[in-house]
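# What the coordinates show
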Amino acid sequence: MNGQESICTSRPVFHRYKDLSRARLNVELQVHTSWTDGQATALEILQTAKERGLAALAFTEHVREDTTWFPRFREEVLSAARGFDDISVYVGCETKAMDEDGRLDVSQDVLDRCDIVLGVVHRFPDGRGGYLDFKQLSYEETADLEFRLSMGMVKNAPIDVLAHPGGMSLRRHGRFPEARFRDMMTATLERQIAIEINSSYLVDMPAFLALCEEVNPFVSIGSDAHRLSELGHCRDQLLELGAGQS
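Residues numbered from 1 in each chain as written. Predicted model: local features only at pLDDT ≥ 70, side-chain atom pairs only at ≥ 80, totals over all residues. Heavy atoms only, no water.

### Quick word on the nonpolar core
So the rule is basically this: Residue types Ala, Val, Leu, Ile, Met, Phe, Trp, Tyr and Cys, when buried and joined through side-chain atoms within 4.5 Å, form a set referred to as a nonpolar core. We call a residue buried when its accessible area falls under 20% of the maximum for its residue type, exposed when it is over 50%, and partly exposed in between, using a 1.4 Å probe and counting protein chains only. Numbering goes from the N terminus for both helices and strands, where a helix is a DSSP run of H or I of at least four residues and a strand is a run of E of at least two. Two residues form a contact once any of their heavy atoms are found within 4.5 Å.
Ranked by internal contacts, the top residues of the largest apolar core, which has 85 residues, are L57, F59, F70, I197 and L238. No other element matches helix α5 (residues 139-156), which puts eight residues into this core. Every residue in contact with L57, bar those within four places of it in the chain, is listed here: E28, V31, I45, L46, A49, I87, S88, V89, Y90 and L231.

Set out below in C-alpha cells:
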C-alpha cells in the first residue's frame, strides 16, 4: 500500500494510546476533498491545516472498486503539498467492507497508490449484490452486523486503520456495545493496525478513551473532516479531555 511518489519518506506511524503525546496528537488522518463529498480543495485544506498548526495530514478519499480518478487525485494532492514542507502529507483512501470475510470495495491499483487505507462499514451487504435497509433493522441487528463486518476487515483486509468503528450504530441509534468496542480494539492490537478515534461519529468520547486506556490499542486520530472548519477538531477535543499527556 506504499505510495509511489509521496512527499513523505514513510507511511504514517501509529502509536499505542498510552504512548500519545501532544505532538503525536497533532495530526489529522481522515480528510475528504471536493473530489468526492468534501467541501474544499487539497490546496485550501493544506492552507487551513498550516494555519491550525497541524503537523500531519492524510487525504483519505472515498473510493469504489471501479474508481478510475485516483491517480489524478493523488497527483493533485502531491502537487499542492510541495508548498508545505512543514506538514507531512499522506494520500490514501476510505473503502467499505463488502462482506464478513474482509473483501473491500476498492481495486488493487488504488491500494498500490495509497500511503494509508481506512477500512469502514458504510452499508450492510445483503449477500445478493444489494444492501439491507437500515430502517428495517433493530439496534441489536445493526450492531451485530456492523461488528461482524468490522471484524472481517480487521482479521483479513489490507487496511491500516479501522475507521469510525461502530459508526453506523452510533449514527442511527446513538450507541454501540462497549463489549464490541473492546473486542475490536483487542483484535486491531493483535494485528497491529490502528483503530480510529473519530470525533465525527463518537457520541461518548470519554467512554471510548477509557476503553483505549484499558486495551491500549494503536490509534489513529481523525475528524472525518469534510469542511475546513472541521480540520483538527479531533485533536482539539482529545487535548480538552486530557489525552496526550505521556
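### With respect to unusual backbone geometry
Although it is not a glycine, N216 sits at a positive phi angle of roughly 60°. Secondary-structure assignment places N216 in the loop between α8 (205-215) and β8 (218-222).

### Observations concerning the pairing of β8
The two faces of a sheet get side chains in turn, since along a regular strand they alternate between them. Rules: One bridge is not enough; two strands pair if DSSP finds at least two bridges between them. Handedness rule for crossovers: strands pointing away from the viewer, path from the first strand over the helix to the second running clockwise, crossover right-handed.
Burial analysis of β8 places five of its five residues in the buried class, the great majority of the element. Residue alternation in β8 divides its side chains into two sets, F218, S220 and G222 and V219 and I221, and both sets are buried. As defined by bridge partners, strand β1 (residues 15-16) adjoins β8 across two bridges and the pair is classed as antiparallel. The residue of β8 that forms the bridge with R16 is F218. Bridge analysis of strand β7 (residues 194-198) against β8 gives four bridges, and the strand direction is parallel. Looking at the pairing, I195 lines up with V219 of β8. Regarding topology, α8 serves as the crossover connection from β7 to the parallel β8, and that connection is right-handed.

### Examining the state of the cysteines
So the rule is basically this: Pairs of cysteine sulfur atoms within 2.5 Å are identified as disulfides in what follows.
What the rule picks out here adds up to zero disulfides. With no disulfide of its own, C212 lies 10 Å from the sulfur of C234, the closest cysteine sulfur.

### Some thoughts on the pairing of strand β4 (residues 88-96)
Within β4, eight of the nine residues are buried, which leaves it mostly tucked inside the rest of the structure. Bridge count for strand β3 (residues 56-62) against β4 is seven bridges, and the pairing is parallel. Residue pairing in the sheet places T60 in a bridge with G92 of β4. One crossover worth recording links β3 to the parallel β4 by way of helix α3 (residues 70-81), and it is right-handed. Bridging between β4 and strand β5 (residues 116-120) involves five bridges; their strand directions are parallel. Its bridge partner being in β5, T95 is matched across the sheet by G119.

### Some words on the environment of E65
With respect to the element layout, E65 can be found in the loop between β3 and α3. Note on E65: relative accessible area 48%, which makes it partly exposed. As a C-alpha pair, E65 and V106 span 41 residues in sequence and 3.8 Å in three-dimensional space. Aside from chain neighbours lying at most four places away, what touches E65 is R103, D105, V106 and S107.

### Focus: the sheet that holds β7
Spelled out, the test is: Lines fitted to C-alpha atoms define the axes, with helix axes restricted to the stretch in contact, and inter-axis angles between N-to-C directions lie between 0 and 180 degrees.
The strand order across the open sheet built from eight strands is β1-β8-β7-β6-β5-β4-β3-β2, with neighbouring strands paired in mixed fashion. The open sheet has two free edges, formed respectively by β1 and β2 (27-31), since each of these has just one partner strand. Note that β5 and strand β6 (residues 161-162) share two bridges and pair parallel. Directly across from G119, in β6, lies its bridge partner L162. Packed onto the sheet, α3 meets β3 and β4 and runs at close to 155° relative to β4. Running at roughly 155° to β7, α8 makes contact with β1, β7 and β8 of the sheet.

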